[in-house]
Amino acid sequence: MFKASFPKAGFFAQVDEGVTAIAFALAVLPVMLVVGAAIDYNRVVGQRVVLQSTADAVALTLAERMQPTSTGASLSAPAANSLSAAASNSSASLSGRRQSTPAPTRSAFH
């Protein structure tokens, strides 16, 4: 029945030229998907590191300025300043530009 419907089908079953090209064409899509997923994952992890560094910088700034009599109101201005400075650095890092900044001083711990 099949051979009667497609008389040249037997010819295509015997020819093995171009099998590599077909296999390559079928394998390209999954490989490209895996590479794309790896690139996306790498960018997400990089952004997470930058955001965690920003949060750590703000926490260290607040820890350095905290006194036994500190209130939330007295720490909000240093927190906002530290966050805006760290955020400007983070946006540069997230966009791929590197911006050098001096390391924060830790005079309270010395």
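Residues numbered from 1 in each chain as written. Predicted model: local features only at pLDDT ≥ 70, side-chain atom pairs only at ≥ 80, totals over all residues. Heavy atoms only, no water.

**Comments concerning the overall build of the chain**
Regarding its fold elements, the chain presents 4 helices and 0 strands. Order of helices (α) and strands (β) in the chain, N terminus to C terminus: α-α-α-α. Taken over 110 residues, the chain has a buried fraction of 11%. Pairs at least 24 apart in sequence give 53% of the contacts found in the chain among residues at least 6 apart. Accessible area for the chain stands at about 9100 Å²; split by element, carbon and sulfur atoms hold 66% of it. (Helix = DSSP H or I, 4+ residues; strand = E, 2+ residues; numbered from the N terminus. Buried < 20%, exposed > 50% of the residue type's maximum accessible area, 1.4 Å probe, protein only. Contact = heavy atoms within 4.5 Å. Areas by Shrake-Rupley, 256 points an atom, 1.4 Å probe, with all protein chains shown as cover.)

**What to know about a nonpolar patch on the surface**
A cluster of nonpolar side chains, contributed by Phe 24, Val 28 and Met 32, occupies part of the molecular surface with about 320 Å² of accessible area. You can see Val 28 is positioned in helix 3 (residues 19–65). (Patch = residues over 30% accessible without salt bridge, like charges linked within 9 Å, V, L, I, M, F, W, Y side chains within 5 Å. Salt bridge = Lys/Arg side-chain N within 4 Å of Asp/Glu carboxyl O.)

**Things to note about the confidence of the model for the chain**
Averaged over every residue, the pLDDT of the chain is 77; the share at 70 or more is 66%. Here helix 1 (residues 2–5) is the element of the chain with the lowest mean pLDDT, 60, and helix 3 is the one with the highest, 90. (pLDDT = per-residue confidence, 0-100.)

**Some thoughts on the side chain of Ser 82**
Looking at the element boundaries, Ser 82 is found in helix 4 (residues 72–94). Those residues within four positions of Ser 82 in sequence are excluded, and the remaining contacts are Ala 57, Val 58 and Thr 61.

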